[in-house]
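Here are the chains, one letter per residue:
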Amino acid sequence: MLFAVGATVTAASGDEGAGGSAGGSSAGTSSRAPALYSADAGFARDMSVHHQQAVEMSFIVRDRTKDEAVRSLAYDIANTQANQRGMMLGWLDLWGLPKVVADEPPMSWMETGSGSGSHAAMPGMEGMAGHDMGGAVTKPGALMPGMATKEELAALGSAEGRDAEVLYLRLMTEHHKGGVAMAKGCAAQCRTPAERALAEGMVAAQQSELALMADMLKQRGAEPVG
């Protein structure tokens, strides 16, 4: 697994970035490296944060239920998204870009994301204008589409058994819908081939897990997430 992550990060350093053709030695300092406010960099930063919460929720539910199906799903999500998060943070290091940009509103890259690196500071979530978010919404108190609030995380941490399972499946369904919409944005706008390929893989995998979680909610007598 570590070899695969390293190979993918290395591949990103040799891919065409925001300003040139493949070749050269240092993606972090060359003109090929994505610009600070590009879709490539913005997606890597935002999706790293989005993934971190999915990993957190998955570890929480693992300790709140003995149901093997839910524990197995949680393990797969935590393992996959922690791995992908490592790739994206590795790319930012490789490109010589910060992991946090104070004046960058969440999701603003989805509006500026032509890869030109231009930046227009936008309040709130206006960066999602014109993009289909797949039904995902940004709840009051949440940072990005599909993300849970602190209160929802606390509720998950105090639930047990079936209650924990249902809450996790509902929260993760919302989380995946937001993640799929973000990944589709990168697949359309990011200019680094390895990053686009990762985003396309996220879309396929998370859509499959959405179908699985809908079935798991039905099996527990719970209403599907609208």
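Our structure's up above, just so we're on the same page.
Residues numbered from 1 in each chain as written. Predicted model: local features only at pLDDT ≥ 70, side-chain atom pairs only at ≥ 80, totals over all residues. Heavy atoms only, no water.

## As for the state of the cysteines
- A complete count under the given rule lists one disulfide for this structure.
- Disulfide partner of Cys 186: Cys 190, at an S-S distance of 2.2 Å. Between Cys 186 and Cys 190, the disulfide has an S-S torsion of -120° and is therefore left-handed.
- Exposure remark for Cys 186: the relative accessible area of 0% places this residue in the buried category. (Disulfide = S-S within 2.5 Å. Buried < 20%, exposed > 50% of the residue type's maximum accessible area, 1.4 Å probe, protein only.)

## Here we look at the nonpolar core
- Grouped together as the largest cluster of nonpolar side chains are 52 residues, with contacts concentrated most on Phe 43, Met 57, Met 88, Trp 109 and Tyr 168.
- Sorting the residues of this core by element identifies helix 2 (39-62), helix 3 (68-94), helix 4 (109-112), helix 5 (150-158), helix 6 (161-189) and helix 7 (193-219) as the ones contributing at least two each.
- Broken down by element, this core gets its largest block of residues, 10 residues, from helix 6.
- The residues contacting Met 57, other than those within four sequence positions of it, are Ala 148, Leu 153, Leu 156, Tyr 168, Leu 171, Met 172 and His 175. (Core = buried A, V, L, I, M, F, W, Y, C linked by side-chain atoms within 4.5 Å. Helix = DSSP H or I, 4+ residues; strand = E, 2+ residues; numbered from the N terminus. Contact = heavy atoms within 4.5 Å.)

## What about the packing of aromatic side chains?
- Throughout the structure, instances matching the rule amount to two aromatic pairs.
- Geometrically, the ring pair formed by Phe 43 and Trp 109 is edge-to-face, given 5.6 Å between the ring centres and 80° between the ring planes. Taken together, the residues span a long stretch of sequence, with Phe 43 in helix 2 and Trp 109 in helix 4 at a distance of 66 residues.
- Accessibility expressed as a relative area gives 0% for Phe 43, which makes it buried.
- On the accessibility criterion, Trp 109 (0% relative accessible area) is buried. (Phe/Tyr/Trp six-rings, centres within 6.5 Å; stacked < 30°, edge-to-face > 60°.)

## Side note on the layout of surface pockets
- Here the largest pocket defines a volume of roughly 170 Å³.
- Contributing to the lining of the largest pocket are Arg 45, Asp 46, Val 49, Lys 99, Val 100, Val 101, Ala 102, Glu 104, Pro 105, Pro 106, Leu 143 and Met 144. (1 Å grid on protein atoms, 1.4 Å probe; cavity = no way out; pocket = protein on both sides within 12 Å on 5 of 7 lines; lining within 4 Å. Points joined across faces, edges and corners; volume = space filled by probe spheres on them.)

## Considerations on the packing of helix 2 against helix 5
- One can describe the packing of helix 2 onto helix 5 by two numbers: an axis separation of 9 Å at closest approach and a directional angle of 25°. Comparing the axis directions of helix 2 and helix 5 gives the class roughly parallel. Side by side, helix 2 and helix 5 meet where Gln 53, Glu 56, Met 57 and Ile 60 of the first sit next to Leu 153, Leu 156 and Gly 157 of the second.
- Class assignment for the residues of the contact of helix 2 with helix 5 results in four nonpolar, two polar and one charged. (Axes fitted to C-alpha atoms, helices over the stretch in contact; angles between N-to-C directions. Parallel < 35°, antiparallel > 145°, perpendicular 65-115°, else oblique. Nonpolar A, V, L, I, M, F, W, Y, C, P; charged D, E, K, R; others polar.)

## So, unusual backbone geometry
- Residues other than glycine seldom take positive phi values, yet Met 107 does so here, at roughly 70°.
- On the secondary structure map, Met 107 appears in the loop between helix 3 and helix 4.
- For Met 107, a relative accessible area of 0% gives the class buried.

Without other data, these values stay purely geometric and don't point to any function.
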